[in-house]
Amino acid sequence: MDYQQINADTIDSWCGQGWKWGIPVSHEEFEQARQGKWEVYLTPTKTVPHGWLEPLAGKRILGLASGGGQQIPIFSALGAHCTVLDYSPVQCESERMVADREGYEVEVIRGDMTKPLPFEDETFDLIFHPVSNCYVRQVLPVFRECARVLKTGGVMLSGLDLGLNYIFDETETFVQRSLPFDPVADPELMKMCLEEDWGVQFSHTLEEQLGGQLAAGLILTHLYEDTNGEGNLHDHHVPTFAATRAVKVPPQLRRALTLPGEMGMMDHK
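Cut-off values and rules
Each chain has its residues counted from 1, running along the sequence as written. Restriction of local features to residues with pLDDT of at least 70 applies here, the model being predicted, together with a cutoff of 80 or more for giving and counting side-chain atom pairs; totals for whole chains, interfaces and linings are based on all residues. The basis for the side-chain values is all heavy atoms of the structure; hydrogens and waters are excluded. Pairing of aromatic rings covers Phe, Tyr and Trp, the last counted by its six-membered ring, and requires centre-to-centre distances within 6.5 Å; plane angles under 30 degrees mean stacked, over 60 mean edge-to-face, and any other angle means tilted. The way it works is that DSSP assigns letters per residue, a run of H or I at least four long becomes a helix, a run of E at least two long becomes a strand, and they are numbered from the N terminus. Only protein chains enter the area calculation, which uses a 1.4 Å probe; residues under 20% of their type maximum are buried, those over 50% are exposed, and those in between are partly exposed. Any Lys NZ or Arg CZ that is within 6 Å of a ring centre and within 35 degrees of that ring's normal is treated as a charge sitting over the ring. Being paired, for any two strands, means DSSP has found at least two bridges between them. With its strands directed away from the observer, a crossover is right-handed exactly when the path from the first strand over the helix to the second travels clockwise. Lines fitted to C-alpha atoms define the axes here, with helix axes fitted over just the stretch in contact, and angles between the N-to-C directions of these axes take values from 0 to 180 degrees. Helix crossings get a hand from a simple test, with the near helix turned counterclockwise from the far one by less than a right angle marking a left-handed crossing and a clockwise turn marking a right-handed one. Note on definitions: a residue-residue contact is assigned when non-hydrogen atoms from the two residues lie within 4.5 Å.

### So, the packing of aromatic side chains
The description of an aromatic ring pair rests on the distance of the ring centres and on the angle between the ring planes. If you walk through the whole model with that rule in mind, you get 10 aromatic pairs. Their ring planes at 10° and their centres at 5.6 Å tell us that F30 and Y104 sit as a pair that is stacked. With F30 in helix α2 (residues 27–34) and Y104 in the loop between α4 (89–102) and β3 (107–110), this pair connects stretches of sequence that are 74 residues apart. Given a relative accessible area of 14%, Y104 falls into the buried group. A network of ring pairs unites the aromatic residues W14, W19 and Y135 as a single cluster. Sitting above the plane of the Y87 ring, R110 keeps its charged end 4.3 Å from the centroid.

### Some words on the pairing of β3
A regular strand carries its side chains on alternate faces of the sheet. Two strands pair when backbone bridges link them, and strand β2 (residues 81–86) and β3 are joined in this way by 4 bridges, in the parallel orientation. Paired with T83 across the two strands is E107, which belongs to β3. Once you follow β2 into α4 and on to β3, the crossover reads as right-handed.

### Examining the packing of helix α5 (residues 140–149) against helix α7 (residues 206–215)
Direction vectors running N to C along α5 and α7 enclose 35°, while the axes themselves pass 9 Å from each other. Regarding α5 and α7, the two cross each other, and that crossing is right-handed. Residues L140, F143 and R144 of α5 form the contact with α7, whose participating residues are E208, Q209, G212, Q213 and A215.

### Structural notes on the pairing of strand β4 (residues 124–129)
In terms of burial, β4 is a largely internal element, 5 of the 6 residues being buried. As paired elements, strand β1 (residues 60–64) and β4 share 3 bridges and run parallel to each other. Bridge pairing links L62 to I127 in β4. Examined bridge by bridge, β4 and strand β5 (residues 150–161) share 5 bridges and lie parallel to one another. Bridge assignment links H129 to a residue of β5, and that residue is S158. A crossover connection joins β4 to the parallel β5 through α5; in handedness this β-α-β unit is right-handed.

Following this line, the structure appears as structure tokens:
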């Protein structure tokens, strides 16, 4: 079975078990957002600064792997025109449920973000991409597609798993594995992922995740770190996630910011 289908099935199952990131916002939270009181997350514990997003009224937003009725309803309450793409049928259905309940329109697409995105060039003002590329083996194609569908001057907000969780045992005390964590290349890891109900997950380096955004034509403007929110690494204040804000710059500015010869090299990676 395609690993992306395994992940969709796994997340559907987690949602049925009350997974934190599969619980839609309440009517009260939606109403509070309409009054200007809101918060959204890219990573486990820290809220995204409002300044990374505002103003949202009238903006076209893509929630990439952002289904579940958590962020998109907030953006809709703030006057944005939203599209969400997610591969989990349950997460997609949650989006429709909240939209029907609150009476706003949202475009919900069940889609695989490892494939070309089903949008025209320069479609969106903002892409909101919470931690999810840990379920994707290659991240650069995702960033390239995001840069393509972003308007020039548009913003991409990403939650990134830094990969540290994959090296430790379940108590987060002992180093148990080496990186990269790639179940597709290692049958024993695949067996463990399926037995532990993890879905099929992958570690990614900062070179892949920050460098990938730069190679795709985005310029990083802001970053913060975050922890797991619980467990031994959290207790020792070890950052295991990062959130980034990046902007799609005009080609002429990108050329001015790159090193001699780097433009062609980046375009062919």
